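# An overview of the molecular structure
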Amino acid sequence: MHTAGRVAVFVGMVMIALGFIFGFTAMFMDADRQAVVWLGIIPLGFVVMLAGTVTSQLTRPKDEN
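The text that follows walks through the structure, step by step, so that each part is easy to find. (Residues numbered from 1 in each chain as written. Predicted model: local features only at pLDDT ≥ 70, side-chain atom pairs only at ≥ 80, totals over all residues. Heavy atoms only, no water.)

## Some details on the environment of T3
Along the polypeptide, T3 turns up in helix α1 (residues 2–28). Once the C-alpha coordinates of T3 and P61 are considered, the two residues, 58 residues apart in sequence, prove to be 8.9 Å apart. (Helix = DSSP H or I, 4+ residues; strand = E, 2+ residues; numbered from the N terminus.)

## A closer look at the packing of aromatic side chains
Within this structure, the stated rule accounts for 3 aromatic pairs. With centroids separated by 5.9 Å and ring planes inclined at 5 degrees, the aromatic side chains of F20 and F24 adopt a geometry described as stacked. Placement of the pair is F20 and F24 together in helix α1, with a separation of 4 residues, close to one helical turn. The class for F24 is partly exposed, based on a relative accessible area of 33%. On the basis of an interplanar angle of 40 degrees and a centroid distance of 4.9 Å, the ring pair of F22 and W38 is categorised as tilted. Within this pair, whereas F22 is found in helix α1, its partner W38 is found in helix α2 (residues 32–58), the two being separated by 16 residues in sequence. The structure contains a cluster of three or more aromatic residues connected by ring pairs, namely F20, F24 and F28. (Phe/Tyr/Trp six-rings, centres within 6.5 Å; stacked < 30°, edge-to-face > 60°. Buried < 20%, exposed > 50% of the residue type's maximum accessible area, 1.4 Å probe, protein only.)

## Concerning α1
Across its 27 residues, α1 extends 39 Å between first and last C-alpha, which sits within 8% of the 39 Å expected from 1.5 Å per residue. Along α1, the residues that are buried comprise G5, G12, I16, G19, G23 and A26. Buried residues along α1 sit in contact with α2. Positive backbone phi, approximately 60 degrees, marks D30, located one or two places after α1. (Expected span 1.5 Å × (residues − 1). Contact = heavy atoms within 4.5 Å.)

## Thoughts on the packing of α1 against α2
Following both chains from N to C, one finds α1 and α2 inclined at 160 degrees, their axes separated by 7 Å at the closest point. With respect to their mutual orientation, α1 and α2 come out roughly antiparallel. In the crossing of α1 with α2, the sense of the turn from one axis to the other is left-handed. For the contact of α1 with α2, the class distribution of residues is 21 nonpolar, 11 polar and 1 charged. (Axes fitted to C-alpha atoms, helices over the stretch in contact; angles between N-to-C directions. Parallel < 35°, antiparallel > 145°, perpendicular 65-115°, else oblique. Left-handed = near helix turned anticlockwise from the far one by under 90°. Nonpolar A, V, L, I, M, F, W, Y, C, P; charged D, E, K, R; others polar.)

Below you can see the structure in the form of structure tokens.
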């Protein structure tokens with residue numbers, strides 16, 4: 001579960017970055033529908049990143065000692 005949490009954090013960060021990049025690009029190109037869709041991905045990215053952070057913090061890997 002720890003690895004799944006770390007992957008979720010990475011996926012959340014990618015979703016946020018893509019939402020910002022494509023959302024603002026579409027907004028500046030006057031493609032309002034696409035901008036709304038891409039900017040709507042940003043809050044979902046935060047939710048995924050938060051869930052991944054909580055998961056990775058609550059499921060620590062076992063010590064090898």
